[in-house]
Amino acid sequence: MNPHSFAKTIALFLGLIAVVVSLSLASNRLWGGRPEKSPEPRQWVLQKDMSVGEFGQANNLPNPVLKEMFGLQAKSDLQRKLSEYGTPDQIKSLATKKLALAAEHASKNWLKIPVKFILWFAFLIALFISLKKRRLTETLRKRFLFVSVLIFGVVMGSDPSPMGTVKDAIHLYGSARAIFPPRMIALTVFLGIVFLVNKYICAWGCQAGALQDLIFRLNQTEKRNAVLGKQFKPPFVLTNAVRALFLIAFIFFAFAQGMDIVEPIDPFRIYKPAYFGLGTGAFIAAILIASLFTYRPWCHFFCPFGLVGWLVEKISLVRISVKYETCIACGKCADACPSTVMGAILRRNKRTIPDCFACYTCREVCPTESIRFSSRKRTLPPQGHFMKKGRKQVREGPSD
């Protein structure tokens, strides 16, 4: 069989999805997986002169929950009037917030989460060392991505994830005015990684991002030509506009109606296949199929962390830069880049630099080793650098 035939590419794609889904089902049973959802909005029964105990009975709240909710010190405190704890609206808000936080805490596997972060750090550090030593090949890249999918998605599950920290934090505060401290710590860690080394966590550690990336590269030959159809680089002005509008819509529904509009289309739920229906499955399938033809469609068009991370990326300490003293303006880095970002970094003639996922493709193909992933400051190319006689014009993809 041709190593890059239509049939083999389809087989690899379907085989990968089958492996992810089947092993995720087994992993969910092992961990005791369950859907991680905030409690549905409820109508509180609250009457004038009602005691704390009566409030609990009317709303099916056990005494331990009332103790946590109102800070009760003794059983006799159940006879205290609700009015001592605030207005009806304040009590309803307090009850909603406490129940939401309790549900968040109960939904987490507190053994798995720290183990997952330890594995993340070990994996990313080992990978960073390999990248700095220029040992990454296309075959090795696919292996790293596959290992990332297996460890951080199949084995360790969909939660936590970079996207989940942003999405769930916004939804929880919008629906219950509550902040879950462990999630904010996780978000700080993820954004800290972006600040240190670009979108490194998205490139290699994000279980949904790694899966999309791997699928995209399955549809390429060694020369990065598409096997099935044609691979596209959507203009950043389009992808970022859609992503920003989607985040605005998400925030609006979270605060106005307490809705999480991401949950029904969350691609991370592929790692919990027993807990989604036909609609969710259809959307995830569409994203995965689209990944064959465009680089990380969820990340570029929808991901809330993708947008927030892109903003933090602007001040990253370590990122891709070009050493123009040795650059021959061949354009191979921009051509090989799966998105439009390398063309923008190379020529620096645009106001906005798109997302850079630190995939290292540009550095891998550079014939003069002029691409660096370091703390070196990005500089402007010398005047006329890309117009010298005999030099190939650098293609940046669709104009932004």
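Going by the structure above, here's the rest.
Worth saying up front: this structure is predicted, and the values here are computed from it rather than measured.

1. Observations concerning the nonpolar core
For soluble globular proteins, nonpolar side chains are generally found buried alongside one another. Core analysis: the biggest nonpolar cluster contains 88 residues, and Ile201, Trp204, Leu211, Phe305 and Met342 have the highest contact counts within it. If we ignore the near neighbours within four places in the chain, the residues touching Phe305 are Pro162, Met163, Thr165, Val166, Leu187, Phe190, Leu191, Val194, Ile201, Cys202 and Trp310. In this structure, Leu66, Met69, Leu78 and Leu82 belong to the second largest nonpolar core, which totals 14 residues.

2. Re the packing of aromatic side chains
Summed over the entire model, instances satisfying the criterion amount to 26 aromatic pairs. Judged by centre distance (5.4 Å) and plane angle (70°), the rings of Phe216 and Tyr295 are edge-to-face. Here the residue Phe216 occupies a position in helix α10 (residues 207–218), and Tyr295 occupies one in the loop between α12 (278–290) and α13 (297–301), the gap between them amounting to 79 residues. Classification of Phe216 as buried rests on a relative accessible area of 3%. Here Tyr295 falls in the buried class, since its relative accessible area comes to 3%. Between the aromatic rings of Phe246 and Phe302, the centroid separation amounts to 5.3 Å while the plane-to-plane angle is 80°, which identifies the pairing as edge-to-face. Taken together, the positions of Phe246 in helix α11 (residues 236–256) and Phe302 in the loop between α13 and α14 (304–313) put the pair 56 residues apart, joining distant regions of the chain. Under the relative-accessibility criterion, Phe246 is labelled buried at 14%. Chaining the aromatic ring pairs together yields one cluster made of Phe117, Trp120, Phe123, Phe144, Phe152, Phe190, Trp204 and Phe305. Between the NZ or CZ atom of Arg296 and the centre of the ring of Phe357, over which it lies, the distance is 4.7 Å.

3. Thoughts on helix α5 (residues 112–132)
Compared with the 30 Å implied by 1.5 Å per residue over 21 residues, the 30 Å span of α5 between its first and last C-alpha is a close match. Where α5 is buried, its residues contact α1 (6–31), α6 (138–155), α8 (181–197), α9 (200–205), α10 and α17 (361–365). Directly after α5, the chain includes Arg134, whose backbone phi takes a positive value near 55°.

4. What to know about the packing of helix α7 (residues 162–176) against α8
To describe two helices that pack against each other, one gives the angle between their axes and the distance between the axes. Remark: α7 packs on α8, axes separated minimally by 9 Å, with the N-to-C direction vectors making an angle of 140°. Considering the angle they form, α7 stands oblique to α8. Of the two possible hands of crossing, α7 and α8 adopt the one that is left-handed. Residues Pro162, Gly164, Thr165, Val166, Asp168, Ala169 and Leu172 of α7 form the contact with α8, whose participating residues are Arg183, Met184, Ala186, Leu187 and Phe190. A breakdown of the residues in the contact of α7 with α8 according to their chemical character gives eight nonpolar, two polar and two charged.

5. A look at α7
The end-to-end C-alpha separation of α7 is 22 Å, in line with the 21 Å expected for 15 residues at 1.5 Å each. Among the 15 residues that make up α7, 13 are buried, leaving the element largely enclosed by the rest of the structure. Among the residues trailing α7, Arg177 stands out with phi positive, at a value near 55°.

6. Section: the pattern of salt bridges
In the structure shown here, the tally under the stated rule is 18 salt bridges. Among the salt bridges present, the one from Lys98 reaches Glu68, with a minimum N-O distance of 3.9 Å. Taken together, the residues span a long stretch of sequence, with Lys98 in helix α4 (residues 88–107) and Glu68 in helix α3 (residues 63–70) at a distance of 30 residues. The exposure class assigned to Lys98 is partly exposed, which follows from its relative accessible area of 26%. By relative accessible area, Glu68 is classed as exposed at 55%. Here Lys108 makes a salt bridge to Asp159, at a shortest N to O gap of 3.2 Å. Taken together, the positions of Lys108 in the loop between α4 and α5 and Asp159 in the loop between α6 and α7 put the pair 51 residues apart, joining distant regions of the chain.

Rules behind the numbers
Residues numbered from 1 in each chain as written. Predicted model: local features only at pLDDT ≥ 70, side-chain atom pairs only at ≥ 80, totals over all residues. Heavy atoms only, no water. Core = buried A, V, L, I, M, F, W, Y, C linked by side-chain atoms within 4.5 Å. Buried < 20%, exposed > 50% of the residue type's maximum accessible area, 1.4 Å probe, protein only. Contact = heavy atoms within 4.5 Å. Phe/Tyr/Trp six-rings, centres within 6.5 Å; stacked < 30°, edge-to-face > 60°. Helix = DSSP H or I, 4+ residues; strand = E, 2+ residues; numbered from the N terminus. Lys NZ or Arg CZ within 6 Å of the ring centre and 35° of its normal. Expected span 1.5 Å × (residues − 1). Axes fitted to C-alpha atoms, helices over the stretch in contact; angles between N-to-C directions. Parallel < 35°, antiparallel > 145°, perpendicular 65-115°, else oblique. Left-handed = near helix turned anticlockwise from the far one by under 90°. Nonpolar A, V, L, I, M, F, W, Y, C, P; charged D, E, K, R; others polar. Salt bridge = Lys/Arg side-chain N within 4 Å of Asp/Glu carboxyl O.

Just geometry here; none of it tells us what the structure is for.
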